[in-house]
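The residues making up each chain are set out below.
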Amino acid sequence: MSQLSIVVIEDNAALSQMIKRRLEHLNYAVHLADSGETGKDTCRKIKPDIILLDIHLPGKDGWTIATELKSDPATKSTPIIAVTAHAMAGDREKAIRSGCDDYVTKPIDFPTLNEKIQYLVD
Amino acid sequence: MHDSSLHMELANLDISWVLISAALVLLMQVGFCLLESGLVRAKNSINVAIKNMSDLCISSVFYWLFGFGIMFGFSWNGWLGTEFFMIDSRDNPSLVSFFVFQLVFCGTATTIISGAVAERMRFSAYLLIAAISSGIIYPFFGHWAWGGAIPESGQGWLASKGFVDFAGSTVVHSVGGWVALAAILVIGPRLGAFSNQAKPIQGHNLTLASAGVILLWVGWIGFNGGSTLALNEQVPHIIANTVISGAFGGTASMLTAYAYYRKARTWAIMNGIIGGLVGITACCHVVSTSGAAIVGITSGILCFFGMRAMERYKIDDAVGAVPAHAFCGAWGTLCVAFFGLPELWDTGLGRFEQLTVQATGLMTCLAWSFGLAYILLKSINRYMPLRVTEEEERAGLNVSEHGASTELIDLITEMGEQERAGSFSKRVHVEPHTEVGQIAAEYNRVLNRVENEFYKRERALTAVQKAQIEAYRANEVKSEFLANMSHELRTPLGIIIGYIELIKDDLREAGVNFSDEDFDTIIHASKHLLNLINGVLDISKIEAGHTQISINYVNVPALVEDLERSVLPLVMENNNTFKAEIADDLDIIYTDHIKLEQCLLNLISNAAKFTSDGTITLHTYKEKTEDGEEDIYFDVTDTGIGMSAKDTAKIFEAFTQVDSTQTRKYEGTGLGLAITKNFAELLGGDVTVASEIGKGSTFSLYLPCKKSAESEGPFTESAVKNKT
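Just so we're clear, the structure is a prediction, and the values are computed from it rather than from any experiment. (Residues numbered from 1 in each chain as written. Chains lettered and ligands numbered in written order. Predicted model: local features only at pLDDT ≥ 70, side-chain atom pairs only at ≥ 80, totals over all residues. Heavy atoms only, no water.)

**Description of the sheet that holds strand 2 (residues 28-33) of chain A**
Residues and elements named next belong to chain A. Defined as follows: Note on pairing: two strands pair once DSSP finds at least 2 bridges between them. Elements are defined by DSSP. Helices are runs of H or I of four residues or more, strands are runs of E of two residues or more, and each kind is numbered from the N terminus. Fitted lines through C-alpha atoms serve as axes, helices being fitted only where they are in contact, and the angles separating the N-to-C directions of these axes extend from 0 to 180 degrees.
Strand order in the open sheet made by the five strands is 2-1-3-4-5, with parallel pairing throughout. Strands at the two margins of the open sheet, each flanked by one partner only, are strand 2 and strand 5 (102-105). Each strand axis lies, on average, 20° off the axis of its neighbour in the sheet, ignoring direction. Bridging between strand 1 (residues 4-9) and strand 3 (residues 50-54) involves four bridges; their strand directions are parallel. For Val8, the partnering residue across the bridge sits in strand 3 and is Leu52.

**Side note on the pattern of salt bridges**
Two side chains that carry opposite charge are able to pair once their charged atoms sit near each other. Residue and element names in this part refer to chain B. We apply this condition: Whenever a carboxyl oxygen of Asp or Glu lies within 4 Å of a side-chain nitrogen of Lys or Arg, that contact is scored as a salt bridge. When accessible area is computed with a 1.4 Å probe and restricted to protein chains, residues below 20% of their type maximum are described as buried, those above 50% as exposed, and intermediate ones as partly exposed.
Enumeration over the complete set of coordinates arrives at 32 salt bridges over all chains. Asp88 is the partner of Arg90 in a salt bridge, and the nearest nitrogen-oxygen pair spans 2.7 Å. Taking the relative accessible area as the measure of exposure, Arg90 reaches 71% and is therefore exposed. The exposure class assigned to Asp88 is partly exposed, which follows from its relative accessible area of 33%. A salt bridge links Arg445 to Glu442; its shortest N-O distance comes to 2.8 Å. You can see Arg445 and its partner Glu442 sitting in helix 17 (residues 435-509), three residues apart, about one turn around the helix. A residue is classified by how much of its surface remains accessible, and Glu442, at 40% relative accessible area, is partly exposed.

**Some words on the nonpolar core**
Nonpolar side chains in soluble globular proteins tend to end up buried together. All names here are of chain B. Filter applied, for reference: For our purposes a nonpolar core is just a set of buried Ala, Val, Leu, Ile, Met, Phe, Trp, Tyr and Cys residues, chained together by side-chain atoms within 4.5 Å. In what follows, residue pairs with any heavy atoms lying within 4.5 Å of each other are defined as contacts.
Grouped together as the largest cluster of nonpolar side chains are 98 residues, with contacts concentrated most on Tyr63, Phe68, Phe105 and Tyr138. For this core, the element with the most residues is helix 3 (residues 93-116), which contributes 13 residues. Sequence-distant contacts of Tyr138, defined by excluding residues within four places in its chain, comprise Tyr63, Met71, Gln102, Phe105, Cys106, Ala109, Ser133, Val171, Val172 and Val175. Core analysis: the second largest hydrophobic core is formed by 43 residues, Ile539, Val556, Val567 and Leu683 among them.

**What about helix 13 (residues 351-383) of chain B?**
Residue and element names in this part refer to chain B. Stated precisely, the cut-off is as follows: A helix is expected to span 1.5 Å for every residue after the first.
Helix length check: helix 13 (33 residues) gives 48 Å between terminal C-alpha atoms against 48 Å at 1.5 Å per residue, within 8%. Looking at helix 13, one finds that the buried residues are Gln354, Val357, Gln358, Gly361, Leu362, Thr364, Cys365, Ser369, Gly371, Ala373 and Leu377. Those residues of helix 13 hidden inside the fold are in contact with helix 4 (123-146), helix 5 (157-161), helix 6 (169-187), helix 11 (321-339) and helix 12 (342-345).

**Some thoughts on the environment of B:Leu600**
Residue and element names in this part refer to chain B. One can find Leu600 in helix 20 (residues 593-609). Sequence-wise, Leu600 and Phe634 are 34 residues apart; in three dimensions their C-alpha atoms are separated by 8.0 Å. Ignoring sequence-local partners within four residues, the contact set of Leu600 consists of Leu559, Leu563, Leu618, Phe634 and Leu701.

Here it is as structure tokens:
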């Protein structure tokens, strides 16, 4: 089975490094992007199997980025998993409305994340 | 050229009597003016008065031009006169006196119409009727009945038959009355004249009207008295009969009204008098005093029933002119034959023959006056509407036809306009030193006050709106802050926990031997820190009133199933078993799914924490409340250590734990139950507890059974969004 590629859009450097290393331990090819715009460019270039998107980004918020990713023909078929701070009723609805396919809450539980990714790429 | 007047020679005394009588008849115009004006509504009073003046002018103009000539000129086969058009006032004094006398008679006949058609006829149309009546209808019939009054001028065809109408019951009053009838049939009744609503149309000044009637009475002395054209021994006889008839007419009508209505109605008395006077006009020279009385009585009663008949057939005569002048005029004409003394009417006809002739004259008048008027008016009405528009009728003819108004009406109109427009910035006109001006000034003062109050209200409203917007903005800021805090606090925690795992992985890969315990302690503490943060954020949100609720369908069996799955590991940690019992009648409820789940998780994990080798039960059921509503209960029962009564009292307070010693055995934040209770209350319910030390506890969470899915609270997503 070939490696799955994943683009992680997260602005906190320490956090994104941690996520990268843990995902690589789970045998993913990880590409990092530290902002929404960089993330969109990276996704367009790399065309990953899955996108992990932090909702609480500076500047343009994650919801908007998700909507834009889903309207771009180059990226619209890629599943997006949103990372939210708290499982509030509003967050969940927003995630679904802006086109995300699933979501996890911080701090990320990696076994759960792995399960969700496997479910979405199959 | 023929000049019939050559044989006309009146003595000076007679001339003076004729001219005085003419003045008295002219006085009757005042009477008509007051009578008609008083019987209509104020908004039409000026219109009636102007009609009276103008028809007098028009009829006089036409009468001089050709009316007098047609009526009294040398007769062409009894149909019309052929001389005396535009006579010269320097002509034969007897002729000229006669002319003046007849002129005012013509005016009387014409002005009868104005009362009947009042309140809805266009002024221009009325002038037209006055012209037709005085120019065509009156002079022609006048010739037929009176042609030959001037010696050697031939005779009108009715006169030659022996028709007797002394002063003009038919010639003047019936003609006027029938034309009036034709007119009111063409233009129709006034708005609201025959509606079923309580108030019938009322005259605005019955005092004025009554004064008018009495003036008419005075003028009638000249009307009948002067028709002898001489101051002779007939005159007292005639005048006495006239006065008696009027008096008996009024009395009879008044008594009849009393019999019917238990009240002496003013209009009954007024028209009774006039009816009596009209009736005697034809026969005052041929009846005795008792005859006059009978004529009066019968005319008065006829007038009364005539008015009732008009009402019944919904013919709207504003002043009762038709019954008083047309009906009583016809009756008076017949009375010549009924009650007169044959030798006095001087036609040589017997009573029955005279009656026939009278009837003929009567019918001719009816056919001619009513017929011609009706045909002409109906045709004209097709091209030029004779009636004013509904709007104009409601506004009143003073304003619509003459642009005339009274002060009071002006004020009322101004006030009415303001009320309709809802704008009170303008002040009404104040005419100084008048009563109406005082009212207007006071009204303006009231408006000032009103404006003030409006202004205050506007200010208050604006202030409230501003405050509202500011409050919502402040809330938005707080919400954003809390959301940011939530995110900010979790990030470093996530890093801590994540890196611990990474280190463990790296060590394993490097083949180092290590025990998981130390690392697990760090992770455990971090997770505990996370729980504390969640709890603190929840509590601060609750206390700021920022908790969002979204109420929707919740499938209870599914929820319980999910719960069971989530709590099983926790329950089994202490070797407990979990049981879920759901009542049969529960499937869908309306509430906030996530909050309910959080509450139940809290209760169950508490139960699991404080129980070992025991059973934890979740029992869900419905129960009816006092006011007929239903509540849903979620009872979490455990067989754990239980609590003392003291602890039960404090258990829901924030930051309180059962065991708060340093060597705490049961970990927790002390916030879980406070949050659960708060959430329950937010959703309209509550949490209670029953416990016994050593036996276990039952925490009971209940929520109201909502009827529909709607969001509650002022700070739900949609509510907040709408306010920005």
